[in-house]
Amino acid sequence: GVFNTGVDFPHLNICVRAAGGASAIHSIQTPGRASRVSEGKTSGTLIDFYDAFDTALEKQSKTRLAAYKKMGWNIITHYK
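A few points on the structure. (Residues numbered from 1 in each chain as written. Predicted model: local features only at pLDDT ≥ 70, side-chain atom pairs only at ≥ 80, totals over all residues. Heavy atoms only, no water.)

In total, this model carries 1 salt bridge according to the counting rule given. Between R64 and D48 there is a salt bridge, and its shortest N-O distance comes to 2.8 Å. Here the residue R64 occupies a position in helix α2 (residues 55-71), and D48 occupies one in strand β2 (residues 45-50), the gap between them amounting to 16 residues. Neither residue differs from the other here; R64 and D48 are each classed as buried. (Salt bridge = Lys/Arg side-chain N within 4 Å of Asp/Glu carboxyl O. Helix = DSSP H or I, 4+ residues; strand = E, 2+ residues; numbered from the N terminus. Buried < 20%, exposed > 50% of the residue type's maximum accessible area, 1.4 Å probe, protein only.)

What follows is about the nonpolar core. The biggest cluster of nonpolar side chains holds 6 residues, and these are C15, L46, Y50, L65, Y68 and W73. Going through the elements one at a time, β2 and α2 are the ones with two or more residues in this core. (Core = buried A, V, L, I, M, F, W, Y, C linked by side-chain atoms within 4.5 Å.)

Now for the environment of E58. With respect to the helices, strands and loops of the structure, E58 is situated in helix α2. Along the primary structure E58 and G21 are separated by 37 residues, whereas in three dimensions their C-alpha atoms are 9.9 Å apart. Excluding residues within four positions of it along the chain, E58 makes contact with Y50, D51 and A52. (Contact = heavy atoms within 4.5 Å.)

Structural data, given as structure tokens:
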């Protein structure tokens, strides 16, 4: 939770989100750290874990993916 708001990592290229949840704010703010463009960096990659073993968690995964796609981010999804 410490890195959810108010921090900037200008050279961050990869963000791994393994916390789950489906908050619209966290689905944009947290991975947005890797999407920021800075000198010497074009864009970042987001890695998320798709939870298919539980219907409620899978719904949260789908909600996160929809938010990521809306932002146009490069996403790598790992299915568990």
